[in-house]
Amino acid sequence: MEELKYQIDLLHATNEKLSKDEKMLRLICETSNNAFLYYNFAEGHFRTVANWNHFFDFTVTGLQDLNRLYECVEEQCVIPLQEVLFIEKQNIKSQSIEVRLRDKKICVEVEVNIVYDDAGTPTDKIIRFRDVTRLTAQNDELTYLAYYDILTGLYNRNYFVRLVGEFIRKAETENTNVAVMFIDFDDFRRINDGMGLIVGDELVQVFGQFLSELMSDHVVVSHFNSDIYCIGIYDPCGARSVDTVYKMIKERLKSPFKLSGGQEIHITVSVGVAEYPEAATGTLELINCAEIVMFKAKSMGKDKVVYYSGSILNEFINNVTIENQLKTAVFQQNFIMYFQPQFRTADKKLRGVEALIRWKNDDGRMVSPAVFIPIAEKSGTIIPIGSWVIEESLKTYAGWRRKYHYPLVMSLNISAIQYRQADFTDKLLHIMEKYDVAPEEIELEITESVLIDDFTEITEKLEVLRDIGIKISLDDFGTGYSSLSYLKGLPIDTLKIDKSFIDTVITDENTRIITESIIYMVKKLGFETIAEGVETEEQYRYLSEIDCDNIQGFLLGRPMPPDKIECLLAEMTA
Ligand code: C2E
Ligand code: CA
Ligand code: CA
């Protein structure tokens, strides 16, 4: 009796433990997001376990129900699924495949595990169904990102390099050419700054869509970044010649792009073209050449296509050399200041001087500022150079004034990059204070192109400077977009008529008419006039007759070192 009671207690305890274990296992299964199909070979039927309902709305109990399972998956998955469900025939322990469910549009990993007894006979089969939709989507996205650019859907830079590399290898064996067209929007910064980044992005997108229409077996299009695109063309000829492609682009750009916000935007592009094998034999080298050539198109006035030539590359290499030498020059301050006198036309008295920088490079050669200033502007070196010019010029000026007490105007050439610096005015005022130079003694020269690019930002700055009492002078007038009507809105005091007018003022009737009307009108607006590049007595006489206020040029004085200016000052004050 005792023995029986003991057995019953034991059974209870075992049952309780078993039901606890079962509960635990069920919970684990149900919270695992998986579904299981369990098959016992001896019993010959299936059981569905855990999250079965997430995948299927029927249960499987016998082999015949498996047909319903096959009906749920996409057609191409049926046979692989059948094979994996019956792997026990091949005496394999486990295997998995991925199938797509037809209606639910989910991706399922099916993994089968078989348990065998010692004799090698299968006893149990556990089939696990795991939802891998998100994982697969992430994988797809990663694959997409590896080849495409999200914004435009065009090939990305890396993949483009690979594709052009394949073109080049093929061209090598087939003895033909590969062209790369490097395309960049003109003045994209103005669109981004003026209309916002979202508009800029949409423009990049719609232009990308247009370019994607050019794609074919032999033409690949890529969005590199920002407003830069590249087209690779295998064996460019006929309908896919560079000329034809460029004409198609130009044709499209004749009409504006209509954006979702209602804006209509006209753009132009600069295009650089380099071809294998003429320009380069390596892919990256070829793309680099096309980029360098694109910059040439920009410097030639934008809205152009330029083809590679050895001289463009040489010029580029030369500029890079200058850029590197400039960096050391800034460090070692290998610059000197020259000053060119400006005279009043009426009495030939000294009106002021224009500060012009000079650079003696490492080989002792003088490099013209017309060459190195644009390079310094591109690389940003203009900032320290510009500060040095201001400091050196004001220091020199203060010395002259102390010695000669002659009222002069010191004209300084200031680059757009300098004006754009937030602390430009503060720095200038600081140097003026340091050398005790009054605002009326200073004139800042600005070119029209600077105004055109950043009209509002720069004119606001100029107004502040003028309020302080500093003079503003419009340099090289007549070379840019010169419209007399917009002059009246500008915060300027002086206008410098460019040398190109003075050059032909004697020989060309039209130039005379223009020069005379400029001077007439400018004087009416209350500005002072300076004629630049006056080289002959005849030019001087003529300018004097038409009432040009001041003369600057080789006739009366070349740019000279400070001690030569001192000689002039001594003459003036004698
Ligand atoms: P710019 O401001 O138009 O300066 C006048 C240029 O014309 C000077 O060339 C001057 O030497 C030259 N010139 C003056 N009179 C005559 C003449 O009668 N005949 C001829 N053939 N040329 C004359 P430079 O000194 O080579 O300067 C070239 C340009 O470099 C300047 O043109 C200016 O844009 C820039 N630059 C010079 N110094 C500086 C500077 O310190 N800062 C900045 N940002 N730019 C500078
Ligand atoms: Ca100037
Ligand atoms: Ca000038």
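Computed from a predicted model, the values in this text were never measured in an experiment.

Undergrad: I tried to follow the packing of aromatic side chains on my own but got confused; where do I start?
TA: For any pair of aromatic rings, the description consists of the separation of the ring centres together with the inter-plane angle of the planes. Tallied over the entire structure, the rule returns 27 aromatic pairs. Arranged with centres 6.1 Å apart and planes meeting at 35 degrees, the rings of F55 and F56 form a pair that is tilted. Of the two residues, F55 and F56, neither departs from the other in class, the shared state being buried. Taken together through their ring pairs, the aromatic side chains of F185, F188, F207, F210, Y229 and F257 make up a single cluster. Above the ring of Y234, the side-chain terminus of K170 is found at 4.3 Å from the ring centroid. Looking at R252, its charged tip hangs above the ring of F257, at a distance of 4.0 Å from the centre.

Undergrad: Sorry if this is basic, but what is going on with the sheet that holds strand 4 (residues 107–116) here?
TA: Strands pair in a sheet through their backbones, by hydrogen bonds, and they do so in one of two ways: parallel or antiparallel. Taken in spatial order, the five strands line up as 2-1-5-4-3 in an open sheet, and their pairing is antiparallel. Each of the sheet's edge strands pairs with one partner strand only, and the pair in question is strand 2 (45–50) and strand 3 (94–100). If you compare each strand with its neighbour and ignore which way they point, the axes differ by 20 degrees on average. Bridge count between strand 1 (residues 34–40) and strand 2: six bridges; the pairing is antiparallel. Pairing of Y38 across the sheet is with R47, part of strand 2.

Undergrad: I keep staring at the site of ligand 1 and nothing clicks. Help me out?
TA: Taken together, 22 residues lie around ligand 1, and Q340, R358, D475, E535 and F554 are the ones closest in. Within the side chain of Q340, a nitrogen or oxygen atom sits 3.0 Å from a nitrogen atom of ligand 1. Between E354 and ligand 1, the recorded distance is 3.1 Å, taken from a side-chain N or O atom to an oxygen atom. Considering ligand 1 on its own, with 790 Å² of exposed area, one finds that the protein chains cover 79% of that surface. Of all elements in the fold, only strand 14 (350–360), helix 12 (369–379) and strand 18 (471–477) reach the threshold of two or more residues within the shell around ligand 1. A per-element tally of the shell around ligand 1 places strand 14 first, with four residues. Residues belonging to the shell around ligand 1 are distributed by class as follows: nine nonpolar, six polar and seven charged.

Undergrad: Would you mind showing me how to read the coordination of the calcium ion (ligand 3) here?
TA: Those donors, D475 (OD), D476 (OD), E532 (OE) and E532 (OE), are the protein atoms that reach the calcium ion (ligand 3), and they lie 2.2 to 2.6 Å from it. Mapping the donors of the calcium ion (ligand 3) onto the primary sequence yields the spacing D-D-x55-E. Distance-wise, the calcium ion (ligand 2) is placed 3.8 Å from the calcium ion (ligand 3), both being coordinated by D475. Of the two residues, D475 sits in strand 18 while E532 sits in the loop between strand 20 (528–531) and helix 21 (537–545), which places them 57 residues apart along the sequence.

Undergrad: Please clarify how the pairing of strand 14 should be interpreted in this entry.
TA: When a strand is regular, its side chains alternate between the sheet's two faces. Counting buried positions over the eleven residues of strand 14 gives ten, a clear majority of the element. Of the pairings in the sheet, the one linking strand 13 (residues 335–344) to strand 14 comprises nine bridges and is antiparallel in character. Residue F343 lies in a different strand from strand 14, and its bridge partner there is L350. Once strand 13 ends, the chain turns through five residues before running back antiparallel as strand 14, passing K348 with a positive phi of about 55 degrees. In terms of strand pairing, strand 14 meets strand 16 (residues 409–413) through four bridges, oriented parallel. Following the sheet pairing, V353 is matched in strand 16 by M410.

Undergrad: Which parts of the structure should I look at to understand the coordination of the calcium ion (ligand 2)?
TA: In the first shell of the calcium ion (ligand 2), the protein supplies E354 (OE), N413 (OD1), E445 (OE) and D475 (OD), at 2.1 to 2.3 Å from the metal. Read N to C, the donor residues that coordinate the calcium ion (ligand 2) are spaced as E-x58-N-x31-E-x29-D.

Undergrad: Would you mind going over a nonpolar patch on the surface with me for this structure?
TA: There is a patch of nonpolar side chains on the surface, built from L142, Y144, L145 and I150 and spanning about 400 Å² of accessible area. By the secondary structure assignment, Y144 is in helix 5 (residues 133–147).

Undergrad: Any chance you could explain the domain arrangement of the protein here in plain terms?
TA: Interface size, as often reported, equals the accessible area lost upon joining of the parts. Per the domain assignment, the segments of the protein are domain 1 (1–25), domain 2 (32–136), domain 3 (148–308) and domain 4 (325–573). On a C-alpha basis, the centres of domain 3 and domain 4 stand 40 Å from each other.

Undergrad: Please explain a negative patch on the surface as it appears in this structure.
TA: A cluster of acidic side chains, namely E457, E460, E463 and D467, defines a negative patch on the protein surface. As for its placement among the helices and strands, D467 is situated in helix 17 (residues 455–468).

Undergrad: Hey, could you run me through the pattern of salt bridges in this one?
TA: When their charged atoms lie close together, side chains carrying opposite charge are able to pair. Using the criterion set out here, one finds 29 salt bridges in the structure. Here K496 and E445 are joined by a salt bridge, their closest N and O atoms 2.7 Å apart. Separated by 51 residues along the polypeptide, K496 in strand 19 (residues 494–497) and E445 in strand 17 (residues 442–447) bring together distant segments of the chain. Both residues of the pair, K496 and E445, count as buried.

Undergrad: Help me understand the nonpolar core in this model?
TA: Considering soluble globular proteins, one finds that nonpolar side chains tend to be buried as a cluster. F335, L394, L412 and L444 are the most contacted members of the largest nonpolar core, which totals 79 residues. For this core, the leading source of residues is helix 13 (residues 382–404), giving eleven residues. Core analysis: the next-biggest nonpolar cluster, separate from the first, contains 32 residues, I233, F257, L259 and V269 among them.

Undergrad: In this structure, what is going on with helix 12? I would like to understand it.
TA: Along an α-helix, residues three or four apart share an orientation, since each turn contains 3.6 residues. Within the sequence span of helix 12, burial applies to F372, I375 and A376. Down the axis, helix 12 shows its buried residues gathered within 100 degrees of arc, on one side only. Residues of helix 12 that are exposed and angled more than 90 degrees away from the buried face: A370 and K378. If you check the start of helix 12, you find a side-chain oxygen 3.0 Å away from the backbone N of A370, and it comes from S368. Downstream of helix 12 by one or two residues, G380 has phi in the positive range, about 90 degrees.

Undergrad: Explanation requested: empty space enclosed by the protein in the structure shown.
TA: It is the rolling of a water-molecule-sized probe over the atoms that shows where space remains empty. Taken as a whole and judged by the stated rule, the model has one cavity of 30 Å³ or more. Its volume calculated, the largest cavity comes out at about 100 Å³. Of all the secondary-structure elements, those providing two or more residues to the lining of the largest cavity are helix 13 and helix 15 (424–434). Across the lining of the largest cavity, the residue classes tally to five nonpolar, three polar and two charged.

What counts and what doesn't
Residues numbered from 1 in each chain as written. Chains lettered and ligands numbered in written order. Predicted model: local features only at pLDDT ≥ 70, side-chain atom pairs only at ≥ 80, totals over all residues. Heavy atoms only, no water. Phe/Tyr/Trp six-rings, centres within 6.5 Å; stacked < 30°, edge-to-face > 60°. Buried < 20%, exposed > 50% of the residue type's maximum accessible area, 1.4 Å probe, protein only. Lys NZ or Arg CZ within 6 Å of the ring centre and 35° of its normal. Pairing = 2+ DSSP bridges. Helix = DSSP H or I, 4+ residues; strand = E, 2+ residues; numbered from the N terminus. Axes fitted to C-alpha atoms, helices over the stretch in contact; angles between N-to-C directions. Near = heavy atom within 4 Å. Polar contact = N/O pair within 3.5 Å; in protein donor to acceptor, adjacent residues only side chain to side chain. Areas by Shrake-Rupley, 256 points an atom, 1.4 Å probe, with all protein chains shown as cover. Nonpolar A, V, L, I, M, F, W, Y, C, P; charged D, E, K, R; others polar. Donors = N, O, S within 2.8 Å, 3.2 Å for Na, K, Ca; no water. Patch = residues over 30% accessible without salt bridge, like charges linked within 9 Å, V, L, I, M, F, W, Y side chains within 5 Å. Salt bridge = Lys/Arg side-chain N within 4 Å of Asp/Glu carboxyl O. Domains from an automatic or database assignment. Lys, Arg positive; Asp, Glu negative; His and termini not counted. Charge placed at Lys NZ, Arg CZ, Asp CG, Glu CD. Core = buried A, V, L, I, M, F, W, Y, C linked by side-chain atoms within 4.5 Å. Arc of directions from axis to C-beta. 1 Å grid on protein atoms, 1.4 Å probe; cavity = no way out; pocket = protein on both sides within 12 Å on 5 of 7 lines; lining within 4 Å. Points joined across faces, edges and corners; volume = space filled by probe spheres on them.

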